[in-house]
Amino acid sequence: MAKIEKSLRDRIIKAGVAFFIGVVVIIASQEYLVTIGPLKELEQKHIDERFLSRGALNIRDTAQVIIIEQTQNTYDGIPYRWPWPRTIYAKAIENLNKAGVKAIGIDIIMANPDQYNRQNDTLLLNTIRKYHNVVVAGKIDNTEANLSLTTMNNGSEVAIQSVGYTMTKKHEDYSNIFYNADSSIGIVEVVPDNDGVIRRYMPMRYSPSTSATVPTFSYAILNKYFGYSAMNTVSKKPYFFGFGGINIPKFDSVSVLIDYYGPSRTFKHIDLLDVIDDKDFKTKEEQELGEDINTWDDPANGLLYSGLFKGKIALIGPTMPEDKDIMAISFAQGIQKGDNLMNGVEIHANAIQNILSQNFIVREPKWLEFLLVFGLVFLTFYISSILKEIKLRYSFLLELANLLIIVGLFIGLRNLSFLMFNKYNILFQLTSGYMSVLLSYIGATAFHFITERKQKGMIKGMFSQYVNATIVDELIFDPEKLQLGGQRKNLTIFFSDIAGFSTFSENKEPEDLIGFLNEYLSEMTRIVFENKGTLDKYIGDAIMAFWGAPVPIEDHAYYGCKSALEMQRRLKLLQEKWRAEGQPEISSRMGLNTGDVVVGNVGGKQRFDYTVMGDAVNLASRLEGANKQYSTLIMISESTYELVKDKFQTRELDLLTVKGKYKPVQVYELLALSGEELSAELTETLKHYNLGLEFYKQQKFTEAKEAFSRALSISPADGPSKTYTGRCDLLIQNPPPPDWDGVFHMTTK
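Just so it is clear, the model here is predicted, and its values are computed rather than measured. (Residues numbered from 1 in each chain as written. Predicted model: local features only at pLDDT ≥ 70, side-chain atom pairs only at ≥ 80, totals over all residues. Heavy atoms only, no water.)

Turning to the packing of aromatic side chains, a few remarks are in order. Considering all chains together, one arrives at 33 aromatic pairs under this definition. Plain terms: the ring middles of F51 and F421 are 5.1 Å apart, the flat faces sit at 80° to each other, and that makes the pair edge-to-face. Of the two residues, F51 is situated in helix 2 (residues 37–54) and F421 in helix 11 (residues 395–424); the sequence distance between them amounts to 370 residues. Relative accessible area serves as the criterion here: at 0%, F51 is assigned to the buried category. F421 gets classed as buried once you look at its relative accessible area, which sits at 0%. Judged by centre distance (4.4 Å) and plane angle (45°), the ring pair of F516 and W578 falls under tilted. Remark: W578 occurs in helix 16 (residues 556–580) and F516 occurs in helix 15 (residues 510–530); sequence separation between them is 62 residues. As far as the burial class goes, F516 and W578 line up, both buried. Note that K102 overlies the ring of Y225, its terminal NZ or CZ placed 4.3 Å from the centroid. The side chain of R651 reaches across the aromatic face of Y689, ending 4.6 Å from its centre. (Phe/Tyr/Trp six-rings, centres within 6.5 Å; stacked < 30°, edge-to-face > 60°. Helix = DSSP H or I, 4+ residues; strand = E, 2+ residues; numbered from the N terminus. Buried < 20%, exposed > 50% of the residue type's maximum accessible area, 1.4 Å probe, protein only. Lys NZ or Arg CZ within 6 Å of the ring centre and 35° of its normal.)

What follows is the structure, given as structure tokens:
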């Protein structure tokens, strides 16, 4: 239950962290509280890259818009110095209408009267009124009022622009003296993004002097094209601008994204000189040659008869760099600086053609963007978390795999953005996707680091005093091996005690006794740790240890027995040292048992110990004390013996019941590792001892005594032989009943 609760708690915490990351991504990417410049610029560059990926669309022959450009050839061919007389534009309007155009836009600010003759202004004014299909360019001018137009963009007030000339007449804030021609004026200014690139187009602009919303240049021309009112405004809907019966997807609350068809000169360009060069107009070349060329109305190949302009929109504007009407756009011919420059008249052409062809870039709705953000956050966070929780010796391989997945997600998002843009004209915010993946990876890494550091601290604090550093590192590397709750496991339990310690300690000063014990316990504990054991506790001079937890060990009985033998060897070396120092000799009795126990943390909330409990533990403790009966040093139970009998040399001792237990247990003395050479004396002693034990089990106590006596003649200090010699004397005098089972019942610990 505790494990389930911990797992559920971890999942809730992870979900909370992932949700928090998602909120951070949305706040940062949507500019609700703050605009992060580098992120905004990165998203803008991604828009440009999508245009570069898609490439140019060939609309030259199908577009409804034709550019009538003012070039160097125009300036060289018109026999007037700039600014030309307004009759030039009046003639262009007349000729274009004769060719069947539906609407004309003049992308030239005419802020001052004609320098040649004021009657020229009147002529142009009357020509505009005559056809009712001409839009002239204007600019919002608020110099005197020092007023900046503003709009709400994602909840933030963003300054758009206030430019133009200081005018005194009522409507001349549009910077064009032909505003009153037939109420046909369009605000020609386009608003760049913060990096100076034109990506957006505003359908309407606000005029403070008239307190009216005025169509921008392209939309004013479209009003003429569709026959709408000249001051037809655009209606605002939640996700669209309504223009007539067309819904134009919003990019933000005030603008749409221009779907550029290609770089500069994607649309068909006709020189203005060729439009006005009719039979009534003399170009410089015609004046010099004394011969008419008439590119416009020549009966053989004049533009008037080509049908090129019928039903089209003609935009008149400059295309020379000297005219300073060239701007950076989001479409580039290549990747060199200057590849993305376009004349202002061409930008308007793109905006117009977008509406005529209904080629709109649709931005993903906010709800979908938020869904993608949280989806990517949770996906990346949990993938990273899962990979970081997998334990491998070469963990860098998992980290490398994690990074490859992150890079793969980045590439996948980028390619998906290109696919959706190129095929469906759908634009989704790429930086929010990038941020979702990156911050989720960082968040998962930080979460794992903090969790693992806390876990490492807990494991080190809990087990560094119980087990050696290698096992602690193994637990840290794979905490799954650590089960801290009470758990039933098969372990090998060890107890040791110094024989006669009470008497020994009475003759020692406290300081000397502590120093002696510390030396003894340190050496014994070191051996436990070196053999993968766990120190349970010190009980005065006694040591309690076990093998097989917290890290599972397949041969825990082997390591326990090996430790006991090494302790006895080390103790002999210490005895030599103590003897040289004039210290009394001591011996240590040891008992080992293998069985099922409950292992885990035991104690209160303030303090607890990692320990073992159960009958198998009690039996190991009793076996340590049972050594007194046989004057042995290491006694192991039958369960331990069965696991190590092929790896160690042992001597069968007895079938006995310890105090407090009724079930007899076979016990053995642990002598040496298998293959280790025993002394000739011990080998001969064991030969007679084993023979005596066989006679003893057969109730042939006289023969048994003789065998044990022969063993004692070889090794007078052999404890088990002494014990059985005494028992044989007792049983010879008091024979047991016929159903005697040979069990020895211990009555002391």
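Between side chains of opposite charge, a pair can form when the charged atoms approach closely. Here the structure, examined in full by the defined rule, presents 37 salt bridges. For D193, the salt bridge is made with R200, and the minimal N-O distance between the two is 2.9 Å. R200 matches D193 in its accessibility class, with the two residues each being buried. Residue E669 pairs with R651 through a salt bridge whose shortest N-O separation is 3.0 Å. Separated by 18 residues along the polypeptide, E669 in strand 28 (residues 665–673) and R651 in strand 27 (residues 648–657) bring together distant segments of the chain. Both residues of the pair, E669 and R651, count as buried. Taken together, the shared-partner salt bridges connect K45, D48, D193, D195, R199, R200 and D252 into one network. (Salt bridge = Lys/Arg side-chain N within 4 Å of Asp/Glu carboxyl O.)

What follows concerns the sheet that holds strand 11 (residues 235–236). With respect to topology, three strands assemble into an open sheet ordered 11-12-13, the strand pairing being antiparallel. Each edge of the open sheet carries a strand with a single partner, namely strand 11 and strand 13 (246–249). When strand 12 (residues 240–243) meets strand 13, the two strands line up antiparallel, connected through four bridges. From the neighbouring strand, G242 faces strand 13, where its bridge partner is N247. On top of the sheet, helix 6 (residues 217–226) reaches strand 12 and strand 13; it is set at about 40° to strand 12, its chief contact. (Pairing = 2+ DSSP bridges. Contact = heavy atoms within 4.5 Å. Axes fitted to C-alpha atoms, helices over the stretch in contact; angles between N-to-C directions.)

Function cannot be read off these values alone, since they describe shape.
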